[in-house]
Amino acid sequence: MRIAVAGATGRIGALTAAALERQGHDVVRISRSQGVDLLTGDGLDEALAGVESVVDTTNVAARERSETVAYLGALTRNLLAAEQRAGVRHHVLLSIVGIHRVDDNAHYAGKREQERLVAGGPVPWTIVPATQFHDFAAMVTGWTERDGAATVAPLLVQPIAPRDVADILAEVAVGEPQGRHVDIAGPATEDLVDMARRTHEARGRRVRLVPTWSGVFGTSMAGNVLLPGDDARIAPTSFDDWLAAGAR
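A brief look at the structure comes next. Predicted model only: the values in this text are computed from it and were never measured.

**Quick word on a nonpolar patch on the surface**
- Together, Met139, Trp143 and Val216 make up an exposed nonpolar region whose accessible area comes to about 290 Å².
- The residue Met139 is located in helix 5 (residues 136-144) in this model.

So this is what it looks like as structure tokens:
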């Protein structure tokens, strides 16, 4: 198949493109570095010529809520319109578990807008909600670390390996549209503070962790909010596996 990956220079996009190519598919990488601008639509019609399926792994750096919603909404509208013109038969969107249970997170609001547009759009679709990735704790403490200390919320998550996410997206992309896919998650529930501690230890770093709900994430994300549903698809790679492989 000829399959396009939007956000192909990002980590999940690059891994998904590689997974599809290993299976023998013709992969079109959609990114500004490849001459395709999703925000303006420049180069998009040419890139989607002959494409049967599109995997959308686009993301956005931290922004205000309204800006995030507008940005991801514009990308999604342009992509769906171009897919309709090209006759694309399947749009696959990578989303996040728990976003409909959290209202005060700008990024989640943007992802909800993407889901809304895809579900109401002109192209048959599958939305794949994934839990947080194995390096999520290190990413969060990287945002907050000052003078050897970092704040981190005591979130419960069931982290998944990026390569497992990419493999599932590649599998979904070559199949028929499913609507909302079951949640995908790693094998075990973890505490974000403990994940941060163990990640820093594996990387040979000393960071004093300060558990708090007054930092990046609030109590609206406490408890089981970010955990997958009971019918979730469980990917094979555990957090322990990732640490043993060097936490990279």
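Don't stop here, the text continues.
**A look at the environment of Asp167**
- Relative to the helices and strands, Asp167 resides in helix 6 (residues 162-173).
- In this structure the C-alpha to C-alpha distance between Asp167 and Ala235, which are 68 residues apart in sequence, comes to 9.7 Å.
- The contact partners of Asp167, leaving out residues within four places of it in the chain, are Ala19 and Arg22.

**Observations concerning the packing of aromatic side chains**
- Here the structure, examined in full by the defined rule, presents three aromatic pairs.
- Measuring from ring centre to ring centre gives 5.9 Å for Phe136 and Phe217, while their planes differ by 40°; the resulting arrangement is tilted. In this pair, Phe136 is assigned in helix 5 and Phe217 in the loop between strand 11 (208-211) and strand 12 (233-234), connecting sequence segments 81 residues apart. A single burial state applies to Phe136 and to Phe217, both of which are buried.

**Some remarks on the nonpolar core**
- Within the largest apolar cluster, 26 residues are counted, with the highest numbers of intra-cluster contacts made by Tyr108, Leu155, Leu192, Leu209, Phe217, Met221 and Leu226.
- Where this core is concerned, the elements lending two or more residues are helix 5, strand 6 (149-152), helix 7 (192-202) and helix 8 (239-244).
- Tallying contributions element by element places helix 7 first for this core, with four residues.
- If we ignore the near neighbours within four places in the chain, the residues touching Met221 are Val102, Asn105, Tyr108, Leu155, Trp213 and Leu226.

**Concerning helix 3 (residues 65-86)**
- For helix 3, with 22 residues, the first-to-last C-alpha span of 32 Å sits near the 32 Å given by 1.5 Å per residue.
- Within the sequence span of helix 3, burial applies to Thr68, Tyr71, Leu72, Gly73, Leu75, Thr76, Leu79, Leu80, Ala82 and Glu83.
- Looking at the packing, one finds that the buried side of helix 3 touches strand 1 (2-6), helix 2 (44-47), strand 3 (53-56), strand 4 (90-96) and helix 4 (106-119).
- Positive phi appears at Gly87, one or two residues downstream of helix 3, with a value of about 80°.

**What to know about helix 4**
- With 14 residues, helix 4 ought to run about 20 Å at 1.5 Å a step, and its terminal C-alpha atoms sit 20 Å apart, in line with that.
- Across the 14 residues that make up helix 4, a large majority, ten, are buried.
- Within the span of helix 4, buried status applies to Tyr108, Ala109, Gly110, Lys111, Arg112, Glu113, Gln114, Glu115, Leu117 and Val118.
- For helix 4, the secondary structure elements touched by its buried residues are strand 3, helix 3, strand 4, strand 5 (125-130) and strand 8 (179-180).

**Some thoughts on unusual backbone geometry**
- One non-glycine residue with positive phi stands out, namely Asp147, at about 55°.
- Among the structural elements, Asp147 can be located in the loop between helix 5 and strand 6.
- On the basis of relative accessible area, Asp147 is assigned to the exposed category, the value being 86%.
- Positive phi, normally seen in glycine, also occurs at Ala247, with a value near 55°.
- Assignment of secondary structure puts Ala247 in the segment after helix 8.
- Ala247 sits in the buried class, given a relative accessible area of 0%.

**Comments concerning the pairing of strand 5**
- The element strand 5 is largely enclosed, with a buried count of five among its six residues.
- One ladder, built from six bridges, connects strand 4 with strand 5; its direction is parallel. Looking at the pairing, Leu94 lines up with Val128 of strand 5.
- The handedness of the strand 4 to strand 5 crossover, carried by helix 4, is right-handed.

**Description of the side chain of Glu190**
- Turning to its location among the elements, Glu190 is positioned in strand 10 (residues 190-191).
- Among the polar contacts made by the side chain of Glu190, one reaches the side chain of Arg198 at a distance of 3.4 Å.
- Residues within four places of Glu190 in sequence aside, it is in contact with Leu155, Leu156, Val157, Pro159, Met195, Arg198 and Phe239.

Each value, and the rule that gives it
- Residues numbered from 1 in each chain as written.
- Predicted model: local features only at pLDDT ≥ 70, side-chain atom pairs only at ≥ 80, totals over all residues.
- Heavy atoms only, no water.
- Patch = residues over 30% accessible without salt bridge, like charges linked within 9 Å, V, L, I, M, F, W, Y side chains within 5 Å.
- Areas by Shrake-Rupley, 256 points an atom, 1.4 Å probe, with all protein chains shown as cover.
- Salt bridge = Lys/Arg side-chain N within 4 Å of Asp/Glu carboxyl O.
- Helix = DSSP H or I, 4+ residues; strand = E, 2+ residues; numbered from the N terminus.
- Contact = heavy atoms within 4.5 Å.
- Phe/Tyr/Trp six-rings, centres within 6.5 Å; stacked < 30°, edge-to-face > 60°.
- Buried < 20%, exposed > 50% of the residue type's maximum accessible area, 1.4 Å probe, protein only.
- Core = buried A, V, L, I, M, F, W, Y, C linked by side-chain atoms within 4.5 Å.
- Expected span 1.5 Å × (residues − 1).
- Pairing = 2+ DSSP bridges.
- Right-handed = clockwise from strand over helix to strand, strands pointing away.
- Polar contact = N/O pair within 3.5 Å; in protein donor to acceptor, adjacent residues only side chain to side chain.

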